Amino acid sequence: MDKASRLVLFADVIDSGSFSHAAKNRSVNRSLVSKQIANLEEELGLRLLHRTTRSLSLTDAGHAVFEHARTLRQQLL
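Residues numbered from 1 in each chain as written. Predicted model: local features only at pLDDT ≥ 70, side-chain atom pairs only at ≥ 80, totals over all residues. Heavy atoms only, no water.

## A few points about helix 3 (residues 30–44)
Rules: Here a strand is any run of E in DSSP of at least two residues, a helix any run of H or I of at least four, and the numbering for each starts at the N terminus. Take the residue count of a helix, subtract one, and multiply by 1.5 Å to get its expected span. When accessible area is computed with a 1.4 Å probe and restricted to protein chains, residues below 20% of their type maximum are described as buried, those above 50% as exposed, and intermediate ones as partly exposed. As used here, the arc belongs to the directions running from the helix axis to the C-beta atoms. A contact between two residues is defined here by any heavy atoms of the two lying within 4.5 Å.
Between its terminal C-alpha atoms helix 3 stretches 21 Å, which fits the 21 Å expected from 15 residues at 1.5 Å a residue. Within helix 3, burial applies to Val33, Gln36, Ile37, Leu40 and Glu41. Down the axis of helix 3, the buried set is contained in an arc of 140°. They therefore lie on one face. Exposed residues on helix 3 whose side chains face more than 90 degrees from its buried face are Lys35 and Glu42. Buried-residue contacts for helix 3 involve helix 1 (3–16), helix 2 (19–26) and strand 1 (49–51). Once helix 3 finishes, Gly45 follows within two positions and takes phi at roughly 70°, a positive value.

## Comments concerning the pattern of salt bridges
As a reminder of what qualifies: What makes a salt bridge here is a side-chain nitrogen of Lys or Arg within 4 Å of a carboxyl oxygen of Asp or Glu, nothing more.
One pass over the full model with this rule turns up six salt bridges. The salt bridge involving Glu43 is made with Arg6; its shortest N-O contact spans 2.5 Å. In this pair, Glu43 sits in helix 3 while Arg6 sits in helix 1, placing the two residues 37 residues apart along the sequence. Judged by relative accessible area, Glu43 falls into the partly exposed class, the value being 41%. Assessed through its relative accessible area of 9%, Arg6 is described here as buried. Shared partners join several salt bridges into a network, and the residues in it are Asp12, Asp15, Arg26 and Arg73.

Here you go:
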């Protein structure tokens, strides 16, 4: 998966509220979604999400990247 695809996936995760919902919407495994978001964070050198067992929340950097990712998704779709 390339960087643009991971950014769009990140936007999908945030909009759906969880890795599981994003995975279900895309008909892929939840672990694939989680790994791709981790890869995106590593590639960008930023932590995008605060993760707990029950919730996700955006970091400050995550908010900025989410805005960019949402714009990219709109342009691509």
